[in-house]
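# Structural characterization, general
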Amino acid sequence: MLAAKVLLAAFGLALLTDLGSLVAEAETGHRIAKPLLMPLIAAFVVVRGGPRLLVAALLFGWGGDVFLLSGADWAFLVGMGSFAVGHLCYLALFAAVRGAAAPPRWTAPVYGTALVVLVVLLWPGLPAELRVPVAGYAALLTVMARQSTALGLLAGLGGALFLVSDLIIATGIAGWPQLPEPDFWIMLIYSAGQLLLAIGVLGVLGTSGRNAATGAPGR
């Protein structure tokens, strides 16, 4: 479908612009390009006949992106809340899509152990007022990432990348040493994660017919 290819190309251009702006420290370019990313993936999902819950998850991610452009503490919390609602949309979508299937058994101890270890290690470095919200958000994100593995390799990889991108943010807040250009890596990994989640879901559903569980229209 031509429209889907055009939207993916536009997403790629917006992502390259955003990443280039981060490297060049061009704040204006970042502020223009970043808010375009999730709406372009959402539009791609729509033209592919994807489920409304997937579109909602991406748009709540867009809300988080926009609020995180501000450096204010309240905006960070609101943005985190918007991402959290997006994770709930993903969880509802995964439950509807996979039916009676379940994530691979090995994912429970792996993701569960990772969550506990990371929260314990990050806790002392987090500001007191952010410890509980960040821990709660981390638990929700980890559950989402684990459940995404039930939809196959692409969706599972997308969920894992989303988790990694937010982990980089959390380590920065906790004062851990960072990679060079951490914002570059955060946006690259996060955007790739969201795109893979979308493509993975669309691949499982297919793009023809109607999925009654998710309310996805046909092409």
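Use the structure listed above.
What you are looking at is a predicted structure, and each value in this text was computed from that prediction instead of being measured. (Residues numbered from 1 in each chain as written. Predicted model: local features only at pLDDT ≥ 70, side-chain atom pairs only at ≥ 80, totals over all residues. Heavy atoms only, no water.)

## Describing the overall build of the protein
Defined as follows: Helix and strand labels come from DSSP, where a helix needs a run of H or I of at least four residues and a strand needs a run of E of at least two; each type is numbered from the N terminus. In this description the radius of gyration comes from C-alpha coordinates, and the expected globular size is given by 2.2 Å times residues to the power 0.38. Categorising residues by exposure relies on relative accessible area from a 1.4 Å probe, with only protein chains included: less than 20% of the type maximum marks a residue as buried, more than 50% marks it as exposed, and the intermediate range marks it as partly exposed. Here the open area of atoms and residues is found with the Shrake-Rupley method and a 1.4 Å probe, where only the protein chains shown may cover a residue. Neither His nor the chain ends is counted toward charge; the positive residues are Lys and Arg and the negative residues Asp and Glu. Taken as the charge location is NZ of Lys, CZ of Arg, CG of Asp or CD of Glu.
Of regular secondary structure, the protein possesses 8 helices and 0 strands. In sequence order, the protein lays out its α and β elements as α-α-α-α-α-α-α-α. Taken over the C-alpha trace, the protein has a radius of gyration of 17 Å; the compact-globule value for 219 residues is 17 Å, and the two agree within 12%. Along the first, second and third principal axes, the C-alpha atoms of the protein reach 50 × 40 × 25 Å. Out of the 219 residues belonging to the protein, those deemed buried represent 45%. If you sum the accessible surface of the protein, you get close to 10200 Å²; carbon and sulfur atoms cover 73% of it. Separation between the mean location of the 11 positive side-chain charges and that of the 9 negative ones in the protein comes to 22 Å.

## Some words on the nonpolar core
Burial of nonpolar side chains together is a common tendency in soluble globular proteins. Rules: Note on terminology: a nonpolar core comprises buried Ala, Val, Leu, Ile, Met, Phe, Trp, Tyr and Cys residues joined through side-chain atoms within 4.5 Å.
Among the nonpolar cores identified, the biggest contains 53 residues, and V45, L54, L58, Y90, M144 and F162 are the most heavily contacted of them. Of all the secondary-structure elements, those providing two or more residues to this core are helix 1 (2-24), helix 2 (27-47), helix 3 (52-68), helix 4 (73-98), helix 5 (107-122), helix 6 (128-148), helix 7 (153-173) and helix 8 (182-205). Counting residues per element, this core draws most heavily on helix 4, which supplies 10 residues.

## Topic: the pattern of salt bridges
Let me state the cut-off plainly: Any Lys or Arg side-chain nitrogen located within 4 Å of an Asp or Glu carboxyl oxygen qualifies as a salt bridge.
The tally for this structure, following the rule as stated, stands at 1 salt bridge. Across the pair R31 and E27 runs a salt bridge, and its minimum N-O distance is 3.0 Å. Here R31 pairs with E27, and both are found in helix 2, just 4 residues apart, close to one helical turn.

## Digging into the packing of aromatic side chains
Applicable threshold: Stacked, tilted and edge-to-face are the three classes applied to pairs of Phe, Tyr and Trp rings, where Trp contributes its six-membered ring and a pair requires centres within 6.5 Å; stacked means planes under 30 degrees apart, edge-to-face means over 60, and tilted covers the rest.
Taken as a whole and assessed by the stated rule, the structure comprises 6 aromatic pairs. Arranged with centres 5.2 Å apart and planes meeting at 80°, the rings of F162 and Y190 form a pair that is edge-to-face. Note that F162 is positioned in helix 7 and Y190 in helix 8, a separation of 28 residues in sequence. Across the pair, exposure class does not vary: F162 and Y190 are buried alike. Feature note: the residues F83, F162 and Y190 constitute an aromatic cluster, connected by ring pairs.

By themselves, these are just geometric observations and shouldn't be taken as functional.
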